[in-house]
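# Close look at the chain arrangement
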Amino acid sequence: MSLDLDDFDRQLLRALSRDSTQSAGALGRKLGLSQPATWRRIRRMHEAGVIAGRRVIVDPEALGFGVTVFLGVKLAAKGRVSLEDFERAVTAIPEVQLVQHVLGLFDYRLRVTARDLPDFERVLRRRIMTLPGVGQVEANVLLNEERRPGPLG
């Protein structure tokens, strides 16, 4: 379903992407809309799939996870392991925060969090390298991350 968005809709999306806990009344006051009008716009965007949900963003460092590593994983062609088997096994690893099936040099891109580098090495050796079908793995340690505003500006 395609939805035509006006300037108010875009402003609502920008405000919600910064802080999704804001009430319709508070958002409406910022934009010069009534609470019911703001709520109708938000509900319409939810129903159209423009707003797919709201999330809580957890700071891994605050929980003691100071290392983030992106892994490129190429499955071995010999074993012919199914993608479903690999995906089922990798998503069961709690340190794996994101699994992306990608096109390119690697078959998968994983975001892995660990307490420190020795903890990451343990996860890599004991959990990831023992997954069904794992062939080549390339690790990139995250040094810094900056959130960009995205398509809404």
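The text that follows walks through the structure, step by step, so that each part is easy to find. (Residues numbered from 1 in each chain as written. Predicted model: local features only at pLDDT ≥ 70, side-chain atom pairs only at ≥ 80, totals over all residues. Heavy atoms only, no water.)

## A short note on the sheet that holds strand β4 (residues 134–141)
- Pairing is antiparallel across the open sheet formed by four strands, whose spatial order is β2-β3-β1-β4. Looking at the sheet topology across the chains shown, the edges are occupied by β2 (96–101) and β4. Looking at each pair of strands side by side, their axes are set apart by 20 degrees on average, direction ignored.
- In the sheet, strand β1 (residues 67–75) pairs with strand β3 (residues 108–114) via seven bridges, with the strands oriented antiparallel. Looking at β3, one finds that Val73 is bridged to Tyr108. (Pairing = 2+ DSSP bridges. Helix = DSSP H or I, 4+ residues; strand = E, 2+ residues; numbered from the N terminus. Axes fitted to C-alpha atoms, helices over the stretch in contact; angles between N-to-C directions.)

## As for the pattern of salt bridges
- Overall, the coordinates contain eleven salt bridges when judged by the stated rule.
- Between Glu95 and Arg127 there is a salt bridge; the shortest N-O distance is 2.5 Å. A residue pair is termed long-range when its members are at least 10 positions apart, and Glu95 in the loop between α4 (83–91) and β2 and Arg127 in helix α5 (residues 117–128) qualify at 32 residues.
- The exposure class assigned to Glu95 is buried, which follows from its relative accessible area of 10%.
- When the shortest N-O distance is used, the salt bridge between Asp119 and Arg122 registers 2.7 Å. Highlighted residues: Asp119 and Arg122, both in helix α5, separated by three residues, approximately one helical turn.
- Arg122 gets classed as partly exposed once you look at its relative accessible area, which sits at 28%.
- Put simply, Asp6, Asp9, Arg41 and Arg44 are held in one network by salt bridges that share partners. (Salt bridge = Lys/Arg side-chain N within 4 Å of Asp/Glu carboxyl O. Buried < 20%, exposed > 50% of the residue type's maximum accessible area, 1.4 Å probe, protein only.)

## Some points on α5
- Looking at α5, one finds that the buried residues are Asp119, Phe120, Val123, Leu124 and Ile128. Angular distribution of buried residues about the axis of α5 spans 140 degrees; they occupy a single face of the element. Turned more than 90 degrees away from the buried face of α5, the exposed residues are Pro118, Arg125 and Arg126.
- One side-chain oxygen of the residue at the start of α5 lies 2.9 Å from the amide nitrogen of Asp119, identifying that residue as Asp116. (Arc of directions from axis to C-beta. Polar contact = N/O pair within 3.5 Å; in protein donor to acceptor, adjacent residues only side chain to side chain.)

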